[in-house]
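# Survey of secondary and tertiary structure
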Amino acid sequence: MVTITQTTTQGPGPARKQGRWRRLPVVHQLHQSVGIQRGMLVAGLVLTALFVLAAIFAPLIAPYGFSQLRDEDGAFGAQQPPSPEHLFGTTVGGYDVLSRVIWGTQTGLGVIVVAVLLSIFAGVALGLVSGYFGGWLDRVLVVICDAIYAFPTLLLAIVMSIAISGGQSSLWGGILAAAISITVVFIPQYFRVIRAETVRIKSEAYVESAKVVGTSNLRIMFRHVLRNATRTLPLIFTLNASEAILTLAGLGFLGFGIEPTSAAEWGVDLKAALSDVSSGIWWTSIPPGLAILLTVLGVTLVGESLNDLADPRLRGRRAVSAASGTVAETSVVPGGTLSAGPGGLAGLENEGRP
Amino acid sequence: MKPAPSRSRKRLGGNLWRYLIIRFLLIFPTIFILVTLVFVLMRTTGDPITAALGDRLSADQLAERIAAAGYDRPIFVQYFEYLGQVFTGDFGTTLSDNRPVIEVLFVYGAATLELAFYALVVAFAVGVPLGMVAAYFRDKVPDAFLRVFAIIFYAVPVYFAGMLMKLVFSVWLKVLPVSGRGTTNTELEMQLLEGKTGIYLWDALRIGDPGILGDVLSHAVLPGLTLGLLTAGIFLRLVRTNVIGTLATDYVDAARSRGVSEYQLVRKHAYRPALIPIITVMGLQIALLLGGAVLTETTFEWKGLGFQLTEYLQARDFVAVQGIVVLLAVIVAVTNFIVDVIAVLIDPRVRY
């Protein structure tokens, strides 16, 4: 049907030594892309790399500690305008704005890594089992996941963080609370995608033949189904990473964040800066806000490009688009929207054209 | 690939009424699951009274209040009681300011509804035409520009966008008010109005004073724009993708071969069929809109459900939080139902 998707999902075939790295998820798409799409992908990769580098080298780059209030010349002072000592000035609480923005990358990266890892494992396992075995368990899980999926993520995250920490947070407590809250929101997304893929793959000839020769269910699930169902994961990963950053910051902004003394978090800083804005103090809000914007922008640009490149219709060559199928058959995230999961649109489109 | 349409749908064979009824009944398990989830999660940390007043009352006083409210009974008993109460519309009484939660919901829900209305107006007015433009100029400069614009509006946190707008329009240019829904004078007039709805635009129209109407509208511009542009970015992407999708279909090719102009193709042939998936996904966006409303209201001190939710969160008043969250769950479930009904009425194929 669609040749492109197959190249990325090749199982253990004849070893093609040269160009193997070209088949790695992101590298492959980089080669595949042209023109504006390549520009978007490269821009996204650069921004994402900057974010990760800043997180790794934060102790070296940041001029001060994230909770540092004074140096040898005395206290920093509150709401100081930008100066050579403090490039972006100081906050209401007397912290150095630039340092907190840089340290904030660590918190963000920590939350992304924990949240995405947890939700991939839980979501993939549930989706695989649910789709493979079917039955009442499948139906119950689908209904629960649909209910959670339809709910505003931020509200669910708030409820979760109340459940986990009662709303007060230390550094790791805060990161974990935020990460787990976000995980609960994301599990349905992985669940839906993996389940749909599993249901499709389950009826393929190679799975049937594996069954005939007496392969165990466990082995079929992991060796035959899972390997072929994971092509969409890099894409959802990028979409979720950006959502994780926004949810973390949203929690912080609503007062469910990490204490400023235990870690730097952009949402908390923006909440503190809210009252500054009315008195014309711009330097406390713009740097952390831009940090969120650029991070999410970078990750989203990568995700958006991956989505387009996975969908031949959107890949940008007229000739290809004419020969390819409908959206529902080929698109990873139907409709190409960030929030539209593969239940809503694909269901509709497919039903129309059985 | 198909994510398993529910079994009931398959058996319907195009009977509209049966589809509608079954779809309607599906609302209840959804709400039930969310109410249960919220209830269980909120209780894992303990009872609401300790959370809200634990540091202000002595142990004896606390125990007394807990017993009075019935929080010392087994959790199952409390759960079934809560379910029964929610079913009859009784959400309890807030702990921090002693008001019936249902009253809070009605008073502040009107404000949130008004904000959501403004946001949707902005989103439709901006997102849909621009999405068609992007599809028309696909892969050319305007398209790239618009897509980056859409991604930026997705990537910027609403509260940061709101703060920037405040900074530019309220503080530097001084053309629009910083926050709130009206000046003190307007708020006063609203309070005095007989049979007020809480929707200021409506109430202002009824008062009929152009000054008040202008005041209400000027307060609505920034919050409406902030939340609206976030949603517009999503609409833009949706319209673009779907119009491009329908532009690749055979009947559009047929129309093109008859000499229909590209503009007409986008405007007439591709846009209409693209609307169906757009409407469906818009149903999902209501959740995002509500989440965004919570943040926007907090940014602009727009006294709606979201603003109030933040206040109650700060006060650790979990009875009120629970009520608001449950109401929002109901709104989401009902909206999704309505959207599905609209989709069915537009496109008979969906019925199956």
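Residues numbered from 1 in each chain as written. Chains lettered and ligands numbered in written order. Predicted model: local features only at pLDDT ≥ 70, side-chain atom pairs only at ≥ 80, totals over all residues. Heavy atoms only, no water.

The next subject is the side chain of Arg147 of chain B. As for its placement among the helices and strands, Arg147 of chain B is situated in helix 8 (residues 141–155). Take Arg147 of chain B: its relative accessible area is 6%, and that puts it in the buried class. For Arg147 of chain B, the residues in contact, after removing those within four places along its chain, are Met40, Glu304 and Asp308 of chain A together with Arg240 of chain B. (Helix = DSSP H or I, 4+ residues; strand = E, 2+ residues; numbered from the N terminus. Buried < 20%, exposed > 50% of the residue type's maximum accessible area, 1.4 Å probe, protein only. Contact = heavy atoms within 4.5 Å.)

On to the UniProt feature "transmembrane region" (unreviewed entry) in chain B, then. UniProt's entry tags residues 20–42, 115–137, 144–169, 220–239, 274–295 and 319–346 of chain B with the feature "transmembrane region" (unreviewed entry), counted in the numbering of this structure. Structurally, residues 115–137 of chain B is divided into 96% helix and 0% strand, and its ends, taken at the C-alpha atoms, are 33 Å apart. (UniProt positions renumbered as here; feature names shortened; annotations may be inferred.)

Turning next to the confidence of the model for chain B. Residue and element names in this part refer to chain B. Averaged over chain B, the pLDDT score is 78; the fraction of residues at 70 or greater is 93%. Scored below 50 in pLDDT, residues 1–13 makes 30 contacts in the model with residues more than four places away or belonging to other chains. Among the scores for the predicted complex, ipTM is 0.78 and pTM is 0.78. (pLDDT = per-residue confidence, 0-100.)

Packed helix pairs are specified by the crossing angle of their axes together with the interaxial distance, meaning the distance between the axes. Residue and element names in this part refer to chain A. At a minimum axis distance of 8 Å, the contact between helix 3 (residues 35–56) and helix 5 (residues 97–133) shows a crossing angle of 105 degrees. Classified by the angle their axes make, helix 3 and helix 5 are roughly perpendicular. Side by side, helix 3 and helix 5 meet where Phe51, Val52, Ala54 and Ala55 of the first sit next to Ile102, Thr105, Gln106, Gly108, Leu109 and Ile112 of the second. Partitioned by chemical class, the residues of the contact of helix 3 with helix 5 number seven nonpolar, three polar and no charged. (Axes fitted to C-alpha atoms, helices over the stretch in contact; angles between N-to-C directions. Parallel < 35°, antiparallel > 145°, perpendicular 65-115°, else oblique. Nonpolar A, V, L, I, M, F, W, Y, C, P; charged D, E, K, R; others polar.)

Time to look at the packing of helix 12 (residues 266–278) of chain A against helix 9 (residues 158–172) of chain B. Relative orientation of the contacting elements helix 12 of chain A and helix 9 of chain B amounts to 10 degrees, with a least axis distance of 10 Å. The orientation of helix 12 of chain A with respect to helix 9 of chain B, classified from their angle, is roughly parallel. Like other packed secondary-structure pairs, helix 12 of chain A and helix 9 of chain B cross with a definite hand, here left-handed. Facing Leu270, Ala273, Leu274, Val277 and Ser278 of chain A of helix 12 of chain A, the residues of helix 9 of chain B in contact are Tyr159, Phe160, Met163, Lys166, Leu167 and Val171 of chain B. Of the residues assigned to the contact of helix 12 of chain A with helix 9 of chain B, the class counts are nine nonpolar, one polar and one charged. (Left-handed = near helix turned anticlockwise from the far one by under 90°.)

Looking now at unusual backbone geometry. Residue and element names in this part refer to chain B. The phi angle at Glu301 is positive, at roughly 50 degrees, despite the residue not being glycine. Relative to the helices and strands, Glu301 is located in the loop between helix 14 (262–300) and helix 15 (305–314). For Glu301, a relative accessible area of 38% corresponds to the partly exposed category.

This part is about helix 11 (residues 233–253) of chain A. All names here are of chain A. In this model helix 11 runs 30 Å from its N-terminal to its C-terminal C-alpha over 21 residues, within 8% of the 30 Å that 1.5 Å per residue would give. Burial analysis of helix 11 places 19 of its 21 residues in the buried class, which makes it a mostly covered element. Phi for Gly255, located one or two positions after helix 11, is positive at around 95 degrees. (Expected span 1.5 Å × (residues − 1).)

On to the pattern of salt bridges, then. All names here are of chain A. Enumeration according to the criterion identifies seven salt bridges over all chains in this entry. Across the salt bridge formed by Arg100 and Asp269, the nearest N and O atoms sit 3.0 Å from each other. Of this pair, Arg100 sits in helix 5 while Asp269 sits in helix 12, placing them 169 residues apart in sequence. Assigned by exposure class, Arg100 and Asp269 land together as buried. Across the salt bridge formed by Asp138 and Arg195, the nearest N and O atoms sit 2.6 Å from each other. Placement of the pair is Asp138 in helix 6 (residues 135–150) and Arg195 in helix 8 (residues 171–202), with a sequence separation of 57 residues. Pair check on accessibility: Asp138 and Arg195 agree, each one buried. Salt bridges sharing common partners tie together Glu197, Arg200 and Glu204. (Salt bridge = Lys/Arg side-chain N within 4 Å of Asp/Glu carboxyl O.)

Residues and elements named next belong to chain A. Where nonpolar side chains cluster on the molecular surface, the patch consists of Val129, Phe133, Trp136, Leu137, Val140 and Ile144 and spans about 560 Å² of accessible area. Counting residues per element, the ones that place at least two in the nonpolar patch are helix 5 and helix 6. Considering each element in turn, the nonpolar patch owes the most residues, four residues, to helix 6. One can find Trp136 in helix 6. With relative accessibility at 65%, the residue Trp136 sits in the exposed group. (Patch = residues over 30% accessible without salt bridge, like charges linked within 9 Å, V, L, I, M, F, W, Y side chains within 5 Å. Areas by Shrake-Rupley, 256 points an atom, 1.4 Å probe, with all protein chains shown as cover.)

So, about the domain arrangement of chain B. Note: interface size is frequently given as the accessible area lost on complex formation between the parts. All names here are of chain B. According to the domain assignment, chain B consists of domain 1 (7–87) and domain 2 (104–351). Computed over C-alpha atoms, the centres of domain 1 and domain 2 are 29 Å apart. Buried area between domain 1 and domain 2, summed over both chains or domains, comes out near 1900 Å², and the portion from carbon and sulfur atoms is 73%. Summed over the three residues of domain 1 that lose the most area to domain 2, namely Tyr19, Arg23 and Met42, the buried surface amounts to 26% of that side. Scanning the region where domain 1 abuts domain 2 turns up zero salt bridges. Applying the counting criterion to the domain 1 and domain 2 interface returns one residue pair in polar contact (both at pLDDT 80 or more). For the side of domain 1 that touches domain 2, the elements supplying multiple residues, two or more each, are helix 2 (16–25), helix 3 (27–43), helix 4 (48–53) and helix 6 (75–87). Of all the elements, helix 3 adds the most residues to the side of domain 1 that touches domain 2, at eight residues. Residue composition of the side of domain 1 that touches domain 2, by class: 17 nonpolar, two polar and two charged. (Domains from an automatic or database assignment. Buried area = accessible area lost by both parts, 1.4 Å probe. Polar contact = N/O pair within 3.5 Å; in protein donor to acceptor, adjacent residues only side chain to side chain.)

This brings us to the UniProt feature "transmembrane region" (unreviewed entry) in chain A. All names here are of chain A. The residues that UniProt annotates with the feature "transmembrane region" (unreviewed entry) are residues 40–62, 109–133, 140–164, 170–191, 233–258 and 281–303. Helix makes up 92% of residues 140–164 and strand 0%, and the two end C-alpha atoms of the span are 25 Å apart. The span residues 281–303 is 78% helical and 0% strand by assignment, and the distance between its end C-alpha atoms comes to 35 Å.

Geometry of an aromatic ring pair is reported as the spacing of the ring centres plus the angle between the planes. Counted under the stated rule, the structure contains 14 aromatic pairs over all chains. Ring centres of Trp282 of chain A and Trp283 of chain A lie 5.9 Å apart, and the angle between their planes is 90 degrees; on these two criteria the pair is classed as edge-to-face. Trp283 of chain A gets classed as buried once you look at its relative accessible area, which sits at 10%. Members of the aromatic cluster, connected to one another through ring pairs, are Phe39, Tyr79, Phe80 and Tyr82 of chain B. (Phe/Tyr/Trp six-rings, centres within 6.5 Å; stacked < 30°, edge-to-face > 60°.)

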